[in-house]
Amino acid sequence: MAVREVTSAPSLATLYPKALLRRGGGSTLPNTELVRPEVVVDPAHVAAYNEVCGFRFSDELPATYPHMLVFGLQMALMTEPGFPFPLLGLVHVENRITQHRPLLLGETFRVSVRAENLRPHEKGSQFDMVSEVHSGADTVWSEVSTYLRRTGSGSGSSGPRTQLTPPKPSALWHVPGDIGRRYAEVSGDRNPIHLHPLTARLFGFPKAIAHGMWTKAHALASFEGRLPDAYSIAVRFKQPVLLPGRAAFTTWQTDDGWAFELWHARKPKPHLDGVISAL
């Protein structure tokens, strides 16, 4: 795999217009790993992220925060000419983050991103964006984001659907209508589906929807003070949270950590489910 160094954070302001114009090309994932060799976290940015997502202020980075460090590289790779799919229209279906130890303010990291594991899916094609954060020779954090590119008009089984029964909620989330814009401000993820009802309708949504990584971060924030130094948190994204909205959040303990689910507050519509496991 060819390694290409990127000396500064990619400009998301230029990558999104580029993404709007791209239609994809090729049939294979790029054999390229993008690397930023020296990344230092901005404490003010961490504070803004913590406020939007619901974390307490600390010298330790939330386990979801390093996604901010790799997201620009992910965007840069997915908007390169040879990338097989257009960025807009990809569906983020799963995300697994592994923290091998707490990451601290003041550290200097090396971050890397690559795409791999292109495979068929009943609704199209899937692939993984694999991101890593290194401190010296050690990998201290990693993320696997799985994306689905839908093709064709198939919608899966035509049989009767099972009636879903939401679990009893542990908490009720009141998700404000501006959370998409607020999270976009700190993350740089200005996908139009998150920003305004009018732009969301252009992509088939009746309203703006919350970022999946915001819902994951907000879920993780509820476990602060109860997690070990090393753990993984994996989620499956299901139906989006329309903004503004209310959602029912449920948690329970497992043998090696926690499990959680997020549902629509009044309808049997699941938004995500996840597990937190000690390493």
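Colleague: Which parts of the structure should I look at to understand the environment of methionine 1?
Modeller: Relative to the assigned elements, methionine 1 resides in the segment before strand E1 (2-5). Excluding residues within four positions of it along the chain, methionine 1 makes contact with Asn31, Thr32, Glu33 and Arg114.

Colleague: When you look at helix H6 (residues 212-221) in this model, what are you seeing that I'm missing?
Modeller: Across the 10 residues that make up H6, a large majority, 8, are buried. For H6, the set of buried residues is Met213, Trp214, Thr215, Lys216, Ala217, Ala219, Leu220 and Ala221.

Colleague: Sorry, what's going on with helix H1 (residues 12-21) here?
Modeller: Since there are 3.6 residues in each turn of an α-helix, residues three or four apart along the chain are aligned in direction. Listing the buried residues of H1 in full gives Leu12, Leu15, Tyr16 and Ala19. Seen end-on, H1 carries its buried residues on one side only, within an arc spanning 100°. Pointing more than 90 degrees away from the buried face of H1 are the exposed residues Ala13, Thr14 and Leu21. Looking at the buried positions of H1, the neighbouring elements they touch are helix H3 (67-78) and helix H4 (179-187).

Colleague: Mind showing me how you'd approach the pattern of salt bridges here?
Modeller: Two side chains that carry opposite charge are able to pair once their charged atoms sit near each other. Summed over the entire model, instances satisfying the criterion amount to 10 salt bridges. In this structure, arginine 114 and glutamate 132 form a salt bridge, with 3.8 Å as the shortest nitrogen-oxygen distance. On the criterion of sequence distance, the pair formed by arginine 114 in strand E4 (residues 108-121) and glutamate 132 in strand E5 (residues 124-135) is long-range, its members being 18 residues apart. For the pair formed by arginine 114 and glutamate 132, the shared burial category is buried. Where aspartate 178 meets arginine 182, a salt bridge forms, and the shortest distance between an N and an O atom there is 4.0 Å. Within this structure, Glu33, Arg114, Glu116 and Glu132 form a network of salt bridges that share partners.

Colleague: Is there a simple way to think about a nonpolar patch on the surface in this case?
Modeller: On the surface, Leu20, Leu21, Leu202 and Phe203 cluster together into a nonpolar patch covering about 450 Å² of accessible area. Here leucine 202 is to be found in the loop between helix H5 (197-201) and H6.

Colleague: Is there a simple way to explain the nonpolar core in this structure?
Modeller: What tends to happen in soluble globular proteins is that the nonpolar side chains get buried as a cluster. Counting 69 residues, the largest nonpolar core has Tyr49, Phe109, Phe127, Tyr183, Trp214 and Phe260 as the members making the most contacts within it. The dominant element in this core, judged by the number of residues it contributes, is H3, at 9 residues. Look past the residues within four positions of phenylalanine 127 in its chain and what remains in contact with it is Leu29, Met78, Phe83, Phe85, Leu90, Glu116, Asn117, Leu118, Arg119, Ser145, Thr146 and Tyr147.

Colleague: Is there a simple way to explain a positive patch on the surface in this structure?
Modeller: Taken together, Lys207, Arg246, Arg266 and Lys267 make up a surface patch of like positive charges. You can see arginine 266 is positioned in the loop between strand E10 (257-264) and strand E11 (270-278). When its relative accessible area of 60% is taken as the criterion, arginine 266 is described as exposed.

Colleague: Would you mind showing me how to read the sheet that holds E4 here?
Modeller: What links the strands of a sheet is backbone hydrogen bonding, and the strands pair in either a parallel or an antiparallel sense. Taken together, the 11 strands give an open sheet; going across it, the order is E1-E2-E4-E5-E6-E3-E8-E11-E10-E9-E7, and neighbouring strands pair in mixed fashion. Taken across any chain shown, the strands that pair with only one partner, and hence form the sheet edges, are E1 and strand E7 (171-175). The average undirected angle you get between the axes of adjacent strands in this sheet is 20°. Two elements, E5 and strand E6 (residues 138-150), share 12 bridges in a ladder whose sense is antiparallel. Bridging across to E6, serine 125 finds its partner in arginine 149. H3 rests against strand E2 (32-40), E4, E5 and E6 of the sheet, and its axis sits at about 50° to E4.

Colleague: Looking at this structure, how should I read the packing of H1 against H3?
Modeller: Helix packing for two helices is described by the angle between their axes and how far apart those axes are. At a minimum axis distance of 10 Å, the contact between H1 and H3 shows a crossing angle of 35°. For the pair H1 and H3, the sense of crossing is left-handed. Along its contact with H1, which presents Leu12, Leu15 and Tyr16, the element H3 presents Phe71, Gly72, Met75 and Ala76. Along the lines of polarity and charge, the residues of the contact of H1 with H3 split into 6 nonpolar, 1 polar and no charged.

Colleague: Looking at this model, I keep getting lost on the side chain of threonine 79. Mind explaining?
Modeller: Within the element layout of this structure, threonine 79 appears in the loop between H3 and strand E3 (91-99). A relative accessible area of 1% places threonine 79 in the buried class. A distance of 2.8 Å separates the side chain of threonine 79 from the backbone oxygen of methionine 75, its partner in a polar contact. Within polar-contact distance, the side chain of threonine 79 engages the backbone oxygen of alanine 76 at 3.3 Å.

Conventions adopted
- Residues numbered from 1 in each chain as written.
- Predicted model: local features only at pLDDT ≥ 70, side-chain atom pairs only at ≥ 80, totals over all residues.
- Heavy atoms only, no water.
- Helix = DSSP H or I, 4+ residues; strand = E, 2+ residues; numbered from the N terminus.
- Contact = heavy atoms within 4.5 Å.
- Buried < 20%, exposed > 50% of the residue type's maximum accessible area, 1.4 Å probe, protein only.
- Arc of directions from axis to C-beta.
- Salt bridge = Lys/Arg side-chain N within 4 Å of Asp/Glu carboxyl O.
- Patch = residues over 30% accessible without salt bridge, like charges linked within 9 Å, V, L, I, M, F, W, Y side chains within 5 Å.
- Areas by Shrake-Rupley, 256 points an atom, 1.4 Å probe, with all protein chains shown as cover.
- Core = buried A, V, L, I, M, F, W, Y, C linked by side-chain atoms within 4.5 Å.
- Lys, Arg positive; Asp, Glu negative; His and termini not counted.
- Charge placed at Lys NZ, Arg CZ, Asp CG, Glu CD.
- Pairing = 2+ DSSP bridges.
- Axes fitted to C-alpha atoms, helices over the stretch in contact; angles between N-to-C directions.
- Left-handed = near helix turned anticlockwise from the far one by under 90°.
- Nonpolar A, V, L, I, M, F, W, Y, C, P; charged D, E, K, R; others polar.
- Polar contact = N/O pair within 3.5 Å; in protein donor to acceptor, adjacent residues only side chain to side chain.

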